Amino acid sequence: MSFVLRMAWRDSRAARRRLALYSFSIVLGVAALVAIGSFSANLNSAIEGQAKGLLGADLAVHSRVALTPEAKAFLDSLGGEQAREVAFSTMVVFPDSGGRTRLVSLRAMEGAYPFYGEFLTNPAGAPSRLAAGEAVAVLEETLMSQFGVKVGDPIRLGTSTFTVVGALRNIPGESAAVAMLSPRIFIPYSRLAETGLLGPGSLVRYKTYFKFAAATDVERLVEDLRGRFRELRLGFDTVEERKNELGQSIRNVDAFFSLVGFVALFLGAIGVASAIHVYVRQRIATVAVLRCLGAGAWKSFSVYLVQGLLLGLVGAVVGAVLGVAIQVSLPPLVKDLLPFDVDFFISWSAVLRGVGAGLVICFLFTLLPLLSIRRVSPLVAIRASAAEETGSRDPLRWAVFAAIAMAVIVFSVWQAPRWQVGLGFVGALAVSFGVLAGLARGVSWCARCLVPQNAPYVWRQGIANLHRPNNRTVLLLLALGLGTFLVVTLALTRATLLAQIQGVGDNQRPNLLFFDIQDDQIGPLQKILHQEGAELKAQAPIVTMRLRSLKGRTVEQILKDEGSRIPAWTLRREYRSTYRGTLSATEKVIAGEFVGKVSPEAAVIPISIERGLAKDMQLGLGDTLEFDVQGVPMAARIASIREVEWRRMEPNFFMLFPEGALEAAPKFYVVATRAETPADSARLQQAVVSALPNVSAIDLALILQTLDGIFSKIQVVVQFMALFTVVTGVIVLAGAILSGRHQRLRESVLLRTLGASRRQLIRIQVVEYTILGALAAVVGCALAVGANALLAHFVFETAGALAPLTLAGAVAAVIAVTLATGLLSSRGVVDHPPLEVLRQET
Amino acid sequence: MLNVERLTKTYLSAGAPLTVLKEVSFSLSAGDSLAIVGPSGSGKTTLLGLCAGLDRPSAGVVTLAGEEIGRMSEDERARVRNEHVGFVFQNFQLIPTLTALENVQVPLELRGWSGRATEAEGLLERVGLGARRDHYPVQLSGGEQQRVALARAFVNSPKILFCDEPTGNLDGDTAHAMTDLIFEMNRERGATLVLVTHDIELARQCRRLLRLKAGMVVEDLRADEPETKAVHP
Ligand SMILES: Nc1ncnc2c1ncn2[C@@H]1O[C@H](COP(=O)(O)OP(=O)(O)O)[C@@H](O)[C@H]1O
Ligand SMILES: [Mg+2]
């Protein structure tokens, strides 16, 4: 043993710096795992510590309709202290900035909410003024800066005016990300009625918050009353539930990033393996001599195994340190996405897990090239040609391959939220590696075939370097290509999603939607549209209704049935249905036949249901349902099932009724139109809101802007992680070039002896690395385009965006990075004095 | 000390079997010296490798220091090499990452020895390189490297020393000095010597000479038997 250690130490002497660099290949992978693992632990403990502040109360009960007297009596019977909130979307008008308008989420509050955690505003006194019932409002900070609103300015909501008393800084229960979708405005509950906004048809969420005595077991309480909540169609949230939900999302995010980190680790390990492969080749003569001097196969193998293990250990430890450093830098990046504060601490179990994963993967991968050491014959010492005979099949190699596959599968399944996802990840990893390696091989082969015979010498030599014996083209393409692939895929996905909403190429589609239009307001609205020169693209009457029964069973019965797998929301929700004689452009019947008209006497109405909902509710053609249309029972039968393209800015519906059934019911309207420019859109919205204050508008630009904002926030984090793979690729590249340095030196000395100039040698390198970078970029981008097309087709159900500028930028960046890394790592090769190299030959 | 009986080596390369050694037999007693000569490609290195247990014979028996090495596993043969055998190679084969002294110590360390390097230092002194003990192979000339290799070959007090063209990469004067050193040290330590060489002067200093041609012994000459004993196939 002592011989092995001593020999390993001495043998590494000349190569320690190089070995250290190889070990850096796994540093980033380990760092990512450690940072993510440790940070998740921080998040989990934050959730644990601030549990009550997450909800702001012990129990939150919500409903889509105003509380019935029965429900109210039930809630009062629960005891404790109550607070109320009514929330819905509406338009705010800023009179001081020329009457500009914006869709907001209005929250009317009453009571001492939040009971736990803090309601922070700037300036601080605002919550007490709200509680006092003054005509004041607290606005989302972004809303104030966007519209230049200051404390003391007026805003108009519906028919009344409020004074802004503060900007919202924090309120328990929601993250700032939620607020990006729809900025919040808080007003006193007592001032809600006078705005006149709460008309029929508004989508309102009624919330009641509870604070119980400290000893109350809230979980038991709601568990006992679960059935009663269902009967009254009330939803509820407890601290425990909120904690579980958050914990689950953290686990999912943690899994996602851990797997991304694992890709970096895996890539780095491949880099280590290939560097060790070269290292071992250079040591074959040494091994043969050791064998001649009497070292056994395993003993000489161990000499190098120790070096491999040490290298892995160094990489893993440095990775852990870097990981902790990264962990420190994560909170500012994700602050806006989190609904709570996070305290920093190092999770040693996460550090151990990261280091362990790094060591195991690195060990298995170094084993691959090291195994061949066992087979080096001592004959090599007297006959160099004997070295070539060692390549025969080795059963242990397959064992190592199997162990690697096992390790990857175990890690993935362990990290992934579900084992199917873990296996899917392994599959995707295998496919992308396979495709990259295959493409790389093909492409480098093509480069050889296609290089013109009469090309300048430096070109031919540079290209020849890519396919000469012992080349690392495939490894380098893998390393660089994989990083490119990940980053470009992210960029393309973003472009795809935005393009899809923009509906590029189709400038006839509606881009502005008015809703909450009352029956008597549709005439005036049409007139305004006409005056402003806006075309009415679509108009739909909406009748609200709730479900009474499904295939003969009442909703209450189904809700009580614990075995039922019909989602409760589909039963509890208020359906906003329309009636029409024809299908719209965004709909397609996929089963049954659409009926467009019924006689007013029809007892059972043939309706059309959306496909996904039908599946959730386990409904098929001919099944019967009973609706409660604002007090009037109405029997219906499923006559057709429709496919609906939801993403267009057009009014779409779950349930479509024929003409002749709902005309008499109280209804309101939604209208889709098109404004050519943002200015047109703003003018139109202002005109509508000033004439009809309760009508809300949402325009495409706003959605795009919101989505873009959310994307940029998430993308920072995701790109940050993807960067680990890219940087690992660069380190692998540098390591590969350094490990081939010996061969390079000899060649360059030979070329110089034959009369090549320094300039020529450098130009050969430039050609080589430029081609390498270009190949990696093209292969990576091609894969990304493919992956994006698949994602677009199967997940987002649209066509993938190409974003040529992004692709071109990626290609340029990859080439630049490759060239810089390549030239830096082979720095000095062309300046080496030939004599020194010739001496090393012996 | 070394007994070789009907030793045959056949390579199966490129499909057709190629017999490079055919039924070679000889035996050497302790303290003997043998020179193996013959044209390039005649199988000298192959024979040496088989005698030293670096490879397995296709047929025949090699008994080294009383142990039949043909039957042994690679690791057992490695042990025999470590205990009984010393090597000097044509291209020196010092381990480039070790200093001269460390190179000499390797066979001892392989046995688990660790301590003051008096023995190895003494041998380096003996070959005239005491002052170069901390130099790496690249810092030594060819002749110096070969002297380090010789010191290494003797450090485990081998019963038998195998040399494959030990002067093949050295110039005339250096080769001459090397030859003298090999024989002097061999005499001092009483080891059996087997050397492959092109160097007639070197060969003539051995008590016995074996000439190979196309894998067969065509001449077997002993210093104490004046006439040539030609072996005909
Ligand atoms: N692994 C091998 N496969 C096939 N032929 C071999 C192999 N090793 C050596 N030979 C052949 O064996 C013959 C003897 O080689 P060698 O013992 O090295 O000769 P010498 O040392 O006398 O020059 C040569 O013709 C050589 O080509
Ligand atoms: Mg030879």
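In what follows, the accompanying structure is described. Nothing here was measured: the structure is a model prediction, and the numbers come from that model.

Before going further, it helps to examine the sheet that holds strand E1 (residues 2-12) of chain B. Residues and elements named next belong to chain B. Sheet architecture is open: four strands sit in the order E2-E1-E4-E5, paired in antiparallel fashion. Each of the sheet's edge strands pairs with one partner strand only, and the pair in question is strand E2 (17-28) and strand E5 (67-68). Pairing analysis gives eight bridges linking E1 to E2, with the strands arranged antiparallel. In the sheet register, Val4 faces E2, and the bridge partner there is Phe26.

Contact residues are listed per partner, giving 30 residues for chain A and 35 residues for chain B. For the pair chain A and chain B, the summed buried surface comes to about 2700 Å²; carbon and sulfur atoms form 57% of the total. Taken together, the links from chain A to chain B amount to four salt bridges. A salt bridge links Glu109 of chain B to Arg10 of chain A, with the shortest nitrogen-to-oxygen separation between them at 3.0 Å. Applying the counting rule to chain A against chain B returns 13 residue pairs in polar contact (both at pLDDT 80 or more). When residues of the side of chain A that touches chain B are traced back to their parent elements, those giving at least two are helix H1 (2-11), helix H11 (284-292), helix H12 (297-334) and helix H27 (834-841) of chain A. The dominant element in the side of chain A that touches chain B, judged by the number of residues it contributes, is H11 of chain A, at six residues. Partitioning the side of chain A that touches chain B into residue classes produces 16 nonpolar, five polar and nine charged.

With that out of the way, let us pick up a nonpolar patch on the surface. All names here are of chain A. A cluster of nonpolar side chains, contributed by Leu310, Leu313, Val317 and Val321, occupies part of the molecular surface with about 340 Å² of accessible area. For Leu313, the location among the structural elements is in helix H12. Judged by its relative accessible area of 39%, Leu313 is partly exposed.

Okay, the site of ligand 1 next. Of all residues adjacent to ligand 1, which total 14 residues, the nearest are Arg383 of chain A together with Val20, Gly41, Thr45 and Thr46 of chain B. Chain contributions to the surroundings of ligand 1 come from chains A and B. With respect to ligand 1, the backbone of Gly43 of chain B contributes an N or O atom lying 3.0 Å from an oxygen atom. The protein chains hide 73% of the 570 Å² of surface that ligand 1 would expose on its own.

In this section: the nonpolar core. Of all hydrophobic cores here, the largest spans 136 residues; its most connected members are Leu2, Phe26, Leu47, Phe162 and Val194 of chain B. The biggest single contributor to this core is helix H10 (residues 239-282) of chain A, with 14 residues. Lining this core are residues from two domains, each supplying at least three of them: domain 1 (1-58 + 216-393) and domain 3 (430-503 + 713-842) of chain A. Contact partners of Val194 of chain B, with chain neighbours within four places excluded, come to Leu2, Leu28, Leu34, Ile36, Leu48, Ile160, Leu161, Phe162 and Cys163 of chain B.

With that settled, the discussion passes to the pattern of salt bridges. By the definition in use, this model includes 43 salt bridges over all chains. Of the charged contacts in the structure, one is a salt bridge between Arg683 of chain A and Asp680 of chain A, with a shortest N-O distance of 3.4 Å. Taken together, the residues Arg683 of chain A and Asp680 of chain A, both in helix H22 (residues 678-691) and three residues apart, mark about one turn of the helix. For Arg683 of chain A, a relative accessible area of 42% gives the class partly exposed. Ionic contacts of the salt-bridge type, sharing partners, join the residues Arg6, Arg10 and Arg13 of chain A together with Glu102 and Glu109 of chain B into one network.

Parameters at a glance
- Residues numbered from 1 in each chain as written.
- Chains lettered and ligands numbered in written order.
- Predicted model: local features only at pLDDT ≥ 70, side-chain atom pairs only at ≥ 80, totals over all residues.
- Heavy atoms only, no water.
- Pairing = 2+ DSSP bridges.
- Helix = DSSP H or I, 4+ residues; strand = E, 2+ residues; numbered from the N terminus.
- Contact = heavy atoms within 4.5 Å.
- Buried area = accessible area lost by both parts, 1.4 Å probe.
- Salt bridge = Lys/Arg side-chain N within 4 Å of Asp/Glu carboxyl O.
- Polar contact = N/O pair within 3.5 Å; in protein donor to acceptor, adjacent residues only side chain to side chain.
- Nonpolar A, V, L, I, M, F, W, Y, C, P; charged D, E, K, R; others polar.
- Patch = residues over 30% accessible without salt bridge, like charges linked within 9 Å, V, L, I, M, F, W, Y side chains within 5 Å.
- Areas by Shrake-Rupley, 256 points an atom, 1.4 Å probe, with all protein chains shown as cover.
- Buried < 20%, exposed > 50% of the residue type's maximum accessible area, 1.4 Å probe, protein only.
- Near = heavy atom within 4 Å.
- Core = buried A, V, L, I, M, F, W, Y, C linked by side-chain atoms within 4.5 Å.
- Domains from an automatic or database assignment.

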